[in-house]
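# Chain and residue survey
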Amino acid sequence: MEDMQQRLDLIESMIRKARNNFSENGHLYIVWGWVIFACCLVQYFAGSLMGYKQAYLVWMACWAVVPYMIWYIRRQKKREKVRTYTDEIMNTVWVTFGISAFLLVCVLGLALGPDMYKIVLPLYLCLYGIPTFLCGVILRFRPLVAGGIACWILSLASVFTPVREQVLLIALAMIAAWLLPGYQLRSRYRKETAHV
Amino acid sequence: MFKDLDPILHTPLRLAIVSLLISVKEAEFTFLKEKTNATAGNLSVQINKLKDAGYIGVIKQFRDNYPQTLCSITPKGIKAFEEYVRNLQSYLQAGK
């Protein structure tokens, strides 16, 4: 009978070991968080306050990050020793977000023209909340859940904010949803990998 | 009547391998070695036995010029594992 109990304990400990394999290091949250945060500040201070008409071009920086992100994800895939169902779902969530974010700006641009600037940022804030909240729930990581909720609150707040200042709410959302959780994910990852 | 415990899963290392694979989509040989603390030779033998029984799938490939062995559990393996756990539990409950 003791032997049977040992077998059950072995099963339990192996399942725990597999589940504790935490692969999210927060790097892409931090990179995207800083890039978008910086773009927002440049757009607001250079574009809105100082009147540089070309300030919106700063958003091209996002395109520059895409090849880096692809390279980074491919490198991580090569390094990973195990692929969990959690990794699969998280990837799908982010791919869904990427496609939706791209389509949103295209559809609004085509449908509303220059008027899209009145509505695009509140909608983006709402959209940012979805993958952030979902990943927080999947990873059981509260800072991301809180970040997602913060995005949705900011999305509501943006309706009552002048269009010119809405970009500052995006900067705030980056701090709450991607930068703070990103650094916390990084420290959790470092702690967990140090124990292996 | 108690059912016999599956002899393929009743070996600790094979049971450990299947228990690890049940929680993940696929795992590299090095991951299984690290988590089970088994020697490469022993692990390799047990993986082959599980593969021959149809409990796990094994893909051998090259990544960056290095050989890589990827293991994943099959539906037959999941069924066998679930039945093994059920039988273990019924033995333990009868012993109380």
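So, a few notes on the structure that sits alongside this text. (Residues numbered from 1 in each chain as written. Chains lettered and ligands numbered in written order. Predicted model: local features only at pLDDT ≥ 70, side-chain atom pairs only at ≥ 80, totals over all residues. Heavy atoms only, no water.)

## Points about unusual backbone geometry
A positive phi angle is found at Arg-140 of chain A, which is not glycine, with a value near 55°. Inspection of the secondary structure assignment puts Arg-140 of chain A in the loop between α5 (120-139) and α6 (142-159). With relative accessibility at 73%, the residue Arg-140 of chain A sits in the exposed group. Positive phi is not limited to glycine here, since Asn-37 of chain B has a value of about 60°. Summarising the element assignment, Asn-37 of chain B is placed in the loop between α2 (29-36) and α3 (40-52). (Helix = DSSP H or I, 4+ residues; strand = E, 2+ residues; numbered from the N terminus. Buried < 20%, exposed > 50% of the residue type's maximum accessible area, 1.4 Å probe, protein only.)

## A closer look at the pairing of strand β3 (residues 66-73) of chain B
All names here are of chain B. For strand β1 (residues 26-28) and β3, the ladder comprises two bridges, and the chain directions are antiparallel. Bridge pairing in β3 places Glu-28 opposite Leu-70. In this structure, strand β2 (residues 56-63) lies alongside β3, joined through eight bridges in antiparallel fashion. Of the residues in β3, the one forming a bridge with Phe-62 is Pro-67. Following β2, the chain reverses through two residues before pairing antiparallel with β3; Asp-64 in that reversal takes a positive phi of roughly 50°. (Pairing = 2+ DSSP bridges.)

## Here's the deal with the sheet that holds β1 of chain B
Here four strands make up an open sheet; going across it, the order is β1(A)-β1(B)-β3(B)-β2(B) and the pairing antiparallel. Of all the strands in the sheet, the pair left with one neighbour each is β1 (82-83) of chain A together with β2 of chain B. Packed on one face of the sheet, α2 of chain B meets β1 of chain A together with β1 and β3 of chain B and runs near 80° to β1 of chain B. Across the sheet, α3 of chain B lies against β2 and β3 of chain B, angled at about 125° from β2 of chain B, the strand it touches most. (Contact = heavy atoms within 4.5 Å. Axes fitted to C-alpha atoms, helices over the stretch in contact; angles between N-to-C directions.)

## Examining α3 of chain B
Residues and elements named next belong to chain B. Given a rise of 1.5 Å per residue, 13 residues ought to cover 18 Å, and the 18 Å separating the end C-alpha atoms of α3 matches this to within 8%. Contacts from the buried residues of α3 go to α1 (12-22), α2, β2 and β3. Phi for Gly-54, located one or two positions after α3, is positive at around 80°. (Expected span 1.5 Å × (residues − 1).)

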